Each structure stands twice: as structure tokens, then as C-alpha cells.
Amino acid sequence: MAEASYDVAVVGSGPGGYVAAIRAAQLGLRVAVVEQGELGGVCTNWGCIPTKALLHSAEVYAALKDGGALGLVADGLRVDFARVIARSRQVAETQRKGIGILFKKNGIVHLPGRGRLRPAAGGGGVQLLCNGQPVPARHVVLATGARPRRLPGIEPDGQHILTYVEAMSLPAQPATLLVVGAGAIGVEFAYFYNALGTRVTLIEALPRILPLEDEEISQQVERSLRRQGIHLFTGARVTGVQIDPQGVVAGFLDRSGQPQTARGERLLLAVGVEGNVEDLGLQDCGVQVERGFVQVNEWYQALGPGGAVVPGLYAIGDVIGGPLLAHKASAEGIACVERIAGVPERDIHRVDRSAIPAATFCRPEVASVGLTEAQARQAGREVKIGRFPFRVSGKGQAAGETEGLVKVVLCARTGEVLGAHIVGGSASDMIATMTLARAAELTATEISHTIFAHPTFAEVLKGAVEAARGEAIDL
Ligand code: NAD
């Protein structure tokens, strides 16, 4: 074909790929999306969305079980595990169908199949193939995502050793579960199964759970999960597993270097993810891949030998590395195609890496943005710290959500919000306010001069900022 049929072809339809495709179509580009699996990628089908459905069931169950304190008695309450799973699958399917509808609405062509690159005839640039057939496109955006990392000798078999995919679609609730790795996936599944009554053992190699969070926040979550009944080992690296008729036995060295074992009917391996970079023809096209992630420049152009740009090839989302978050992938997708479409640089939605929020949807919820206290101090910043506990909040008391706190890290000189860390309340929603503050470089003065509705969890944010200024009213 002499002329390109598409302006942009996106490989992968997760929150990076499908959002990039729609934004490109909005900007008037002709767009195709090559997807070998289900539209929506991991986030929609096996990640963010179905796990939030599962977690909601767990939260409601836990709230009803403990309803006595609220004057509610739920006799005969029990878990119908099959329905919990079925509802989660249904929610994922609804979301997936929604993406198909959006593609039609935006005139995006969905090409089902496996995408692969080869060097363009005549040199310089790449050609995209879908199931071996050329897809003529001027620009190719790789958004192939990531998959669970494996540990040597601990191979997921879908039966005894699970990844998150099997863990969210089990046919029956296990009586006991081992979870290896206490990042977001490990903690969310540990919370979910424990809340439903499974005896959960959570094993984390680093000295604390959710190791990317501020240390105080990790400690709070750890105390809470222990109180909820999760058996937790930190500083404990799992070194091997054995499968026997009763399930799985994990061997690990505990904090003091002593060998220990823990047993579960099944084991969830949640030790991180790695980029989907294999069998894409990247090597043939000279694309640089380091530690499993495609290397790109600030405009998401793929880099080749010597750091030169590979013409017409871009990559976004998990496949270019962390933070491995859906909303980061979407933001990168938008910036990438806006640049391709020729949007003036000053108008492009650039990704500010210091203002990417993170959330873990256990109970109490955890969310954060920006620098931890330790990171700010390491960066040589002079900081002011403010803390406000939920137990002081009227809303917290009324809602029976008294656990946790908001911690803010402010620049001591300017009052700029360098970081905000929440455990408790509606942390994942509340963090939006502090993300806006961070992105807009707001200071403590502006937040403190803003009127927050009463009584709300959000007041705890303002309380923490005021506490940093020595002006908290309710402390
Ligand atoms: P992760 O990298 O966040 O956590 C993995 C944990 O496993 C680490 O704390 C690590 O120290 C531990 N670990 C590694 N080897 C171990 C061993 N041998 N024994 C014991 N512990 C070991 O990865 P994840 O939780 O698997 O999640 C994958 C990615 O998906 C992350 O980047 C995460 O941010 C993202 N994710 C985000 C959300 C969310 O935003 N709510 C939810 C799920 C996943």
C-alpha cells in the first residue's frame, strides 16, 4: 500500500492503549488498535476493576459482621463465594463492553490479533504486523503492559501457586492462603480473603509492607492488618515452596535469619510485574530494552542504538516501567498522541511524575502522592510535617472510621505540598485533592484558606495541613 491507512496504530488496549486511541481519534487521527486478548487489558479484565468489585463485597461483609456497634444485627450472614466472584467478572465484562462501544463511537478500528514489529522496508522506522498481516500506520504506539513476575523455582501453575488472575476467579474460597509479596496486589488480596474468613499468611521480603509508602503509613497498615487477623511476616524472603496433598508449604528465612515454613491451601505470588517485551520484534528493530522495559525519551519515542529515536515508534504505560499504574499509563498515552497530532507543546498534558497518586484498596485504604518524609529529607528539603488522625474527625466518629491518619510533607520555606499520605477514610478519593494541590503547586496557605464541607473525611486533610502550621483547631 503506498499510503498509510492509519495515522496511529496502538498495540494493546489497556488503560494506556485504549485511552491513547480515543484521544488520538478526538484529535482527528485515523486510529487502529491491535489487541490479542480482551479489550481493556489487565486493568479492566484482571486488575483494577474486578478487584475493586471483590473488595467491595469484602468491605460490606466486614461492615455487616461488625454491624453490632452501629446497632445493626445481621443474623445468618454468610459468604456466597461463587456469587462474589461472578459479580466481579460481570463488572469487568460491563467495563470491557464499554470500551468496545467507545471504539465504535470514536471510529477506532479494532484489529484482533497479535502485534509484531519488523524493520520498515527501505530502513529507518518500523512496520507493524497483526497476525503477520501488515498494518499500514505512520505511527505505532506500544502499550503492551506487564505481567506477573515469577520467582525462580516458584512457578505459578494456576492450581496451587496462583497469580492474581487465578486468585480473583477461584471456584471455591480457600480455608487458608499464603500470599508472597506485600505490595499493592499482595495487600489487597490478603485483605480480601481475610475479610471473608480465609486464614491468610502474608510474607514480605522487605522490612515493611507497602514499602513504597511513607514508613509511618506502612506501620499503621501493618498494625491494622494484624489486628484484623492476618499473619504477617516482614523481612522474610520466600526461598522455595513444596506442594503436597494438603496444599503448599513456603520456606522462608525470618527477620533473624532463621528458617521458617508457612502452609496454605494455595499460594498467591505477588512479587511484582515485568514488561511484556517478548516476541514483539523489538530486537530486530533495534529498540533498547533495559531490565525488561522499553526505553523512551520524554515524548515516549522509542530509543534505538546509541539513544537515537526509532522513527515512528512510541511506547507508553507499564511496558516503559514504573510507577506501574493505570492512570500513569493513560496520562502517558494522552501526552504521546497529542504530540503525534501536533498539539503545541505548551498545550500538551505533560505527565508530572511528582503528581502521580497511588492507592491500595485494602481497609483502611491507603493513598499517597509526592514525596515521603524520608524522600524529602534525603533530597535535602527542609520540611514541616503535619499529622491529623481520623479518630478526632466528627465524620470519622460518625462513620465508625476512626483508624488512620493524614500526614502531609510541606516545604518548610514556601509551604508547598511536597507529599501527602493517607491511611483511613476514603483515602483513594481524598488523595485527588492533594494531587491537585501538588500539581498546581499550591501551598499550605491556600489549602488552609479553603473552606472544606463539614463533616467530611476531607476535613482531615485540611487538619493535617493546619497541624503542620501549628494552627489545627481540633487537635
Ligand atoms: P510490587 O512490586 O508493588 O510488590 C511486590 C512485593 O513483593 C515487594 O514488596 C517485594 O519486596 C516483595 N517480594 C519480592 N520477592 C519476594 C520474596 N521472595 N519473598 C517475599 N516477598 C518478596 O508488586 P505487586 O504488588 O505484585 O504489584 C504489581 C504492580 O501492579 C505494582 O507496580 C503495583 O503498583 C501495581 N498495582 C497497583 C495497584 C493499585 O494501585 N491499587 C493494585 C495492584 C497492582
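Quick note: structure is the one above.
Report follows, based on the coordinates.

Along an α-helix, residues three or four positions apart point the same way, because every turn accommodates 3.6 residues. Taking 1.5 Å of rise per residue, the 13 residues of helix α6 (residues 184-196) would be expected to cover 18 Å, and the 18 Å separating its terminal C-alpha atoms lies within 8% of that figure. Here α6 lies mainly inside the structure; eleven of its 13 residues are buried. Positive phi appears at glycine 197, one or two residues downstream of α6, with a value of about 110°.

A separate point is the nonpolar core. Ranked by internal contacts, the top residues of the largest apolar core, which has 51 residues, are Leu117, Val294 and Leu313. At the level of elements, β1 (6-11), α1 (17-26), β2 (31-35), α4 (81-105), β5 (126-130), β7 (137-142), β21 (309-315) and α8 (326-340) are the ones that each hand at least two residues to this core. The next biggest cluster of nonpolar side chains, apart from the first, holds 40 residues, and it includes Val79, Leu210, Ile217 and Leu268.

Turning next to the sheet that holds strand β14 (residues 247-253). Taken in spatial order, the three strands of this open sheet run β13-β14-β15, and their pairing is antiparallel. Strands with a single pairing partner mark the edges of an open sheet, and in this sheet they are β13 (237-244) and β15 (259-264). Taking each pair of neighbouring strands and ignoring which way they run, the sheet shows an average axis angle of 25°. Looking at chain direction, β14 and β15 are connected through six bridges and run antiparallel. Within the sheet, the bridge partner assigned to phenylalanine 252 lies in β15 and is glutamine 260.

This part is about the sheet that holds strand β4 (residues 115-119). Here three strands make up an open sheet; going across it, the order is β4-β5-β6 and the pairing antiparallel. With partners counted over all chains shown, the strands left at the sheet margins are β4 and β6 (133-135), one partner each. Direction aside, the axes of adjacent strands within the sheet are offset by 45° on average. Direction of pairing for β5 relative to β6: antiparallel, over a ladder of three bridges. Looking across to β6, one finds that leucine 129 is bridged to proline 134.

This brings us to the site of the ligand. In the region of the ligand, 25 residues are neighbours, and Ile185, Glu188, Glu204, Gly272 and Ala359 sit closest. Here glutamate 188 contributes a side-chain N or O atom positioned 2.9 Å from a nitrogen atom of the ligand. In this structure, alanine 205 approaches the ligand through a main-chain N or O atom, which is 3.1 Å from a nitrogen atom. Alone, the ligand offers 840 Å² of accessible surface; in the complex the protein occludes 81% of this. Residues belonging to the shell around the ligand are distributed by class as follows: 18 nonpolar, three polar and four charged.

Peptide bonds are, in most cases, trans, and in most cases residues other than glycine have a negative phi. Of note, the amide linkage connecting glycine 322 to proline 323 takes the cis form, showing an omega dihedral of -5°. Relative to the helices and strands, proline 323 resides in the loop between β21 and α8. A cis geometry characterises the amide bond from histidine 454 onward to proline 455, with omega recorded as -5°. Tracing the backbone shows proline 455 in the loop between α12 (444-448) and α13 (458-468).

What follows concerns the layout of surface pockets. By volume, the second largest pocket is sized at about 660 Å³. Lining the second largest pocket are 21 residues, with Ala62, Ala63, Asp66, Arg363 and Gly400 sitting closest to its centre. Listed by contribution, the elements that provide at least two residues to the lining of the second largest pocket are α3 (48-65) and α6. Considering only residue class, the lining of the second largest pocket consists of ten nonpolar, five polar and six charged.

Scoring rules and cut-offs
Residues numbered from 1 in each chain as written. Predicted model: local features only at pLDDT ≥ 70, side-chain atom pairs only at ≥ 80, totals over all residues. Heavy atoms only, no water. Helix = DSSP H or I, 4+ residues; strand = E, 2+ residues; numbered from the N terminus. Expected span 1.5 Å × (residues − 1). Buried < 20%, exposed > 50% of the residue type's maximum accessible area, 1.4 Å probe, protein only. Core = buried A, V, L, I, M, F, W, Y, C linked by side-chain atoms within 4.5 Å. Pairing = 2+ DSSP bridges. Axes fitted to C-alpha atoms, helices over the stretch in contact; angles between N-to-C directions. Near = heavy atom within 4 Å. Polar contact = N/O pair within 3.5 Å; in protein donor to acceptor, adjacent residues only side chain to side chain. Areas by Shrake-Rupley, 256 points an atom, 1.4 Å probe, with all protein chains shown as cover. Nonpolar A, V, L, I, M, F, W, Y, C, P; charged D, E, K, R; others polar. 1 Å grid on protein atoms, 1.4 Å probe; cavity = no way out; pocket = protein on both sides within 12 Å on 5 of 7 lines; lining within 4 Å. Points joined across faces, edges and corners; volume = space filled by probe spheres on them.

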